[in-house]
Every structure is written in structure tokens, then in C-alpha cells.
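Remarks on the overall topology
Listed below, chain by chain, are the residues.
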Amino acid sequence: MITHKKRFETIIQKLKDNGHKITPQRIAIVKILVDSEGHPSVENIHAQIKTDFPTMSLATVYRNIVLIKSLGEVLELGFPDGSNRYDGNKPYPHPHVVCIKCKKIVDPDLDSLDEMKKEVEVETEFKILNHRLDFFGICSDCQAGKV
Ligand code: ZN
Ligand code: MN
């Protein structure tokens with residue numbers, strides 16, 4: 001299990017290695033990114049950061065996320081409605097479960113995924129490099145009418 005602290009250090013180091021300045025604003029963005037369990041949107045990160053950096057614009061947050069993404073340190077989950085969400089803890093492809101009501105996104109542990117990848121490779125003779133696997137449903141909170 002990769003800890004949030006380790007992910008934080010990895011991303012900061014990667015930024016340094018690529019010649020990017022480590023500003024307090026940048027540190028704050030990376031912190032929120034790795035401390036968030038729920039796959040935040042840029043808007044959500046911006047809302048959280050405004051407490052400490054009231055003047056930081058949404059565009060600045062967005063630029064930083066794009067930068068971290070270009071370094072391969074955050075996974076972007078794009079959705080057709082444009083509400084992209086981000087996972088700074090697992091920057092590699094992994095499946096997600098999306099609640100269609102409250103938009104909560106959870107990482108399921110799927111043991112069968114490796115097997116599925118092999119099955120796809122055998123059946124299609126593709127060399128699989130990447131995958132995108134989303135399950136959509138209604139979370140337990142929404143089923144109970146709590147949200
Ligand atoms: Zn829900
Ligand atoms: Mn995830």
C-alpha cells in the first residue's frame with residue numbers, strides 16, 4: 001500500500017527533477033491531490049485550496065494538474081460531461097466504481113483484472129498497454145437516501 005506521504009514526496013521529487021519550482025501553492029495542490037480519497041475535480045481542489053490561498057485562480061490549479069499529469073503522476077478520469085476527476089494516489093490505470101447520483105468514485109480491488117487483461121490479449125492478439133474500466137451504479141449512502 002502506497003502511503004499518501006510517499007506519493008507526496010514522489011510527486012514533489014518528480015517536479016524538482018524536471019526543473020519545476022516548488023512553491024507553497026504547488027505544495028498545497030499536491031497535498032490535496034494525494035490526501036483526497038474521493039477523486040477530486042479541479043473545481044474541488046480549487047475550493048479546498050482557497051482557504052490558504054484565496055487569490056489562487058482555478059486556471060492556476062488546472063495548469064498545475066496538467067503539469068503533474070504530464071509527468072505521469074496523476075490519473076485523469078475523463079467523463080463525457082466534462083467533469084474530469086483525478087487520482088493522485090494511483091497514477092496507473094485501475095478500475096473505478098462511479099455513483100451516478102452523488103458522483104462519488106471508489107477504487108475497487110479487483111483480483112480478476114490481470115486475468116481479464118490476459119484473456120483480452122489471447123482473444124484479440126493485441127498487446128494491451130492501458131485500460132479504462134468503470135462501473136456505474138448507486139452507492140450505499142444514496143441507496144439509503146442519505147445523500
Ligand atoms: Zn452516491
Ligand atoms: Mn482511483
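Worth saying up front: this structure is predicted, and the values here are computed from it rather than measured. (Residues numbered from 1 in each chain as written. Chains lettered and ligands numbered in written order. Predicted model: local features only at pLDDT ≥ 70, side-chain atom pairs only at ≥ 80, totals over all residues. Heavy atoms only, no water.)

**A few points about the packing of aromatic side chains**
We count it as follows: Ring geometry is summarised as follows: Phe, Tyr and Trp rings, the Trp one being its six-membered ring, pair when their centres sit within 6.5 Å, and such pairs are stacked at plane angles under 30 degrees, edge-to-face over 60 and tilted between the two. Any Lys NZ or Arg CZ that is within 6 Å of a ring centre and within 35 degrees of that ring's normal is treated as a charge sitting over the ring.
Per the counting criterion, the structure on display carries zero aromatic pairs. When the ring centre of Phe8 is taken as reference, the NZ or CZ atom of Lys31 above it lies at 4.5 Å. A cation over a ring is seen here: Arg132 above Phe79, with NZ or CZ 5.5 Å from the ring centre.

**Digging into the coordination of the zinc ion (ligand 1)**
Put simply, the rule is: Here the coordinating atoms are restricted to nitrogen, oxygen and sulfur within 2.8 Å of the metal centre, or 3.2 Å for Na, K and Ca, and because water is not among them the sites may look incomplete. Any site counts as irregular unless it has four donors with all angles between 85 and 135 degrees, making it tetrahedral, or four or six donors with opposite ones more than 155 degrees apart and the rest between 65 and 115, making it square planar or octahedral. Runs of H or I in DSSP of at least four residues are treated as helices and runs of E of at least two as strands, each being numbered from the N terminus. Only protein chains enter the accessibility calculation, which uses a 1.4 Å probe. A residue is then buried if its area is under 20% of the maximum for its type, exposed if over 50%, and partly exposed in between.
Surrounding the zinc ion (ligand 1) are the protein donor atoms Cys99 (SG), Cys102 (SG), Cys139 (SG) and Cys142 (SG), which sit 2.2 to 2.3 Å from the metal. Taken together, the four donor atoms surrounding the zinc ion (ligand 1) define angles of 104 to 116° at the centre, an arrangement classified as tetrahedral. Considered as a linear motif, the donors of the zinc ion (ligand 1) on their single chain read C-x2-C-x36-C-x2-C. Of this pair, Cys99 sits in strand β3 (residues 96-99) while Cys139 sits in the loop between β5 (134-137) and α6 (140-143), and the two are 40 residues apart along the sequence. With a relative accessible area of 12%, Cys139 lands in the buried category.

**Side note on the coordination of the manganese ion (ligand 2)**
Here the manganese ion (ligand 2) is held by His39 (NE2), Asp87 (OD), His94 (NE2), His96 (NE2) and Asp107 (OD), and the distances to it run 2.0 to 2.2 Å. In primary sequence terms, the donor set of the manganese ion (ligand 2) follows H-x47-D-x6-H-x1-H-x10-D. For the pair shown, Asp87 and His94 are each scored as buried.

**Topic: the sheet that holds strand β4 (residues 105-106)**
The condition that has to hold: For two strands to be treated as a pair, DSSP must find no fewer than two bridges joining them.
Strand order across the open sheet formed by three strands is β4-β3-β5, with mixed pairing between neighbours. Of all the strands in the sheet, the pair left with one neighbour each is β4 and β5.

**Remarks on the nonpolar core**
Selection rule: Only buried residues count toward a nonpolar core, which is a set of Ala, Val, Leu, Ile, Met, Phe, Trp, Tyr and Cys residues joined through side-chain atoms within 4.5 Å. Any two residues whose heavy atoms approach within 4.5 Å are treated as being in contact.
One finds Val30, Leu33, Ile49, Val61 and Ile65 to be the most contacted residues of the largest nonpolar core, which totals 21 residues. When contributions to this core are tallied by element, the ones reaching two or more residues are α1 (4-17), α2 (24-35), α3 (42-49) and α4 (58-70). Broken down by element, the residue count for this core peaks at six residues, all from α2. Those residues in contact with Val61, other than ones at most four positions away along the chain, are Ile29, Val42, Ile45, His46, Ile49 and Met56.

**A word on the domain arrangement of the chain**
The criterion, for reference: As annotated, the domain borders come from an automatic or database domain assignment. As used here, buried area is the combined drop in accessible area, with a 1.4 Å probe, of two parts when they are placed together. Two N or O atoms form a polar contact when they lie within 3.5 Å of each other; inside protein one atom must be a possible hydrogen donor and the other a possible acceptor, and for residues adjacent in sequence the pair counts only when both atoms belong to side chains. Residue polarity follows a fixed list, in which Ala, Val, Leu, Ile, Met, Phe, Trp, Tyr, Cys and Pro are nonpolar, Asp, Glu, Lys and Arg are charged, and the others, Gly among them, are polar.
You can read the domains of the chain as domain 1 (4-87) and domain 2 (96-143). Computed from C-alpha coordinates alone, the two centres of domain 1 and domain 2 are separated by 24 Å. Counting residues at the interface gives nine residues for domain 1 and 10 residues for domain 2. Between domain 1 and domain 2, a total of about 640 Å² is buried, with carbon and sulfur atoms accounting for 53% of that surface. Counting across the domain 1 and domain 2 interface gives five residue pairs in polar contact (both at pLDDT 80 or more). For the side of domain 1 that touches domain 2, the elements supplying multiple residues, two or more each, are β1 (75-77) and β2 (85-87). For the side of domain 1 that touches domain 2, the residue count by class is three nonpolar, three polar and three charged.

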